[in-house]
Amino acid sequence: MIGILIFLLAAVISVSGIAAASSGQKASDKGAEAMTLEGGTLGDVPFPHRLHQENVNECSSCHELFPQESGAIRAQQKVGELKKQKVMNDQCIKCHLARSSAGKSAGPTKCGKCHQR
Ligand code: HEC
Ligand code: HEC
Ligand code: HEC
């Protein structure tokens, strides 16, 4: 009797496990490998997303400021939830500067290396 109960319990757990794995697909969506961010009159900014995912431990290092959605930065700027240049200054340039002064691999800090026309 107890054996059957354990068997049933195990079956329920494994079924719910499969359901969680398939519904979890959205949460594990890594997004585009590369993208171009709107950069105003200086020119747009090519952004190697996957390279950053591989070199930055936490998704939240960037996504604490904006959700994991295409066009999220612009959308939040439009409704005043995010100041223009905040992502650039508080994330992109801040991290690149901190890493390069610590002697670690980093991205560009000069305007024309990011903004391209
Ligand atoms: C160094 C910054 C940074 C890190 C780290 C980062 N992202 Fe992103 N992510 C971005 C930017 C910038 C965008 C584009 C936002 C926009 O279009 O306004 C984006 C967009 C996305 C999108 C939507 C775009 C698409 O192509 O579907 C998803 C999904 C996403 N990220 C998932 C992740 C996940 C998962 C992680 C962690 C494994 C992660 N990101 C780590 C900066 C980052
Ligand atoms: C590491 C890459 C990077 C560097 C270096 C950089 N930018 Fe940016 N810049 C961005 C990104 C990404 C955005 C869009 C997100 C935002 O507004 O925070 C942006 C946005 C801007 C905007 C706002 C454009 C708009 O219409 O919304 C201006 C102005 C700007 N940058 C000027 C500069 C100047 C001037 C420099 C040099 C001192 C510079 N940037 C260096 C990545 C960079
Ligand atoms: C938390 C740290 C961090 C943040 C935030 C960050 N970067 Fe970087 N970035 C890196 C590191 C680390 C590298 C070097 C990766 C390597 O080549 O090993 C890099 C490299 C780059 C490169 C050069 C890629 C190449 O092929 O050499 C570009 C362009 C770049 N970042 C743009 C951006 C932009 C635009 C943003 C903001 C949207 C941003 N980064 C935010 C850490 C960061």
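Higher on the page you've got the structure.
Remember, it's a predicted structure, so these values are computed and weren't measured experimentally.

Rules used throughout
Residue positions within a chain follow its written sequence, with the count starting from 1. Chain A is the first chain written and ligand 1 is the first ligand written, with later ones labelled in order. Predicted model: local features are reported for residues with pLDDT of at least 70 only, side-chain atom pairs are reported and counted for 80 or more only, and whole-chain, interface and lining totals are derived from all residues. In computing side-chain values, all of the structure's heavy atoms are included and hydrogens and water are not. Note on donors: an N, O or S atom is included if it sits within 2.8 Å of the metal, or within 3.2 Å for Na, K and Ca, and water is never included, so sites can look incomplete. Tetrahedral means four donors with every angle between 85 and 135 degrees, whereas square planar (four donors) and octahedral (six donors) require angles over 155 degrees between opposite donors and between 65 and 115 for all others; sites fitting neither are termed irregular. For the purposes of this entry, the term helix denotes a DSSP run of H or I that reaches at least four residues, the term strand denotes a run of E that reaches at least two, and both are numbered from the N terminus. Whether a residue is near a molecule or strand is decided by its heavy atoms; if any one of them lies within 4 Å of it, the residue is near. Think of a polar contact as two N or O atoms within 3.5 Å of one another; within protein, one of them needs to be a possible hydrogen donor and the other a possible acceptor, and neighboring residues in sequence only count if both atoms come from side chains. For this classification, the nonpolar set comprises Ala, Val, Leu, Ile, Met, Phe, Trp, Tyr, Cys and Pro, the charged set comprises Asp, Glu, Lys and Arg, and every other residue, Gly included, is treated as polar. Should a side-chain nitrogen of Lys or Arg be within 4 Å of a carboxyl oxygen of Asp or Glu, the pair is scored as a salt bridge. Burial here depends on accessible area, computed with a 1.4 Å probe over protein chains only, as a share of the maximum for the residue type. Under 20% is buried, over 50% is exposed, and the range in between is partly exposed.

Draft legend 1. Geometry of the coordination of the iron atom of ligand 2. Every protein donor of the iron atom of ligand 2 is listed here as Met 88 (SD) and His 115 (NE2), and their distances to the metal cover 1.9 to 2.1 Å. Coordination geometry of the iron atom of ligand 2: the six donor atoms subtend angles of 88 to 179° at the metal centre, consistent with an arrangement described as octahedral. In this pair, Met 88 is assigned in helix H5 (residues 86-101) and His 115 in the segment after helix H6 (111-114), connecting sequence segments 27 residues apart.

Draft legend 2. The arrangement of the site of ligand 2 in detail. Not every one of the 22 residues close to ligand 2 is listed here, only the nearest: Gln 85, Met 88, Cys 111, Cys 114 and His 115. Separating an oxygen atom of ligand 2 from a side-chain N or O atom of Arg 74 is a distance of 3.1 Å. Elements supplying a minimum of two residues to the shell around ligand 2: helix H4 (72-78), H5 and H6. Examining the composition of the shell around ligand 2, we find that six residues originate from one element, H5, more than from any other. Residue composition of the shell around ligand 2, grouped by class: 10 nonpolar, seven polar and five charged.

Draft legend 3. Quick peek at the pattern of salt bridges. Per the counting criterion, the structure on display carries two salt bridges. A salt bridge links Arg 74 to Glu 38; the shortest N-O distance between them is 2.9 Å. One end of the pair, Arg 74, is in helix H4; the other, Glu 38, is in the loop between strand S1 (35-37) and strand S2 (45-47), with 36 residues separating them in the sequence. On the accessibility criterion, Arg 74 (23% relative accessible area) is partly exposed. The exposure class assigned to Glu 38 is exposed, which follows from its relative accessible area of 55%.

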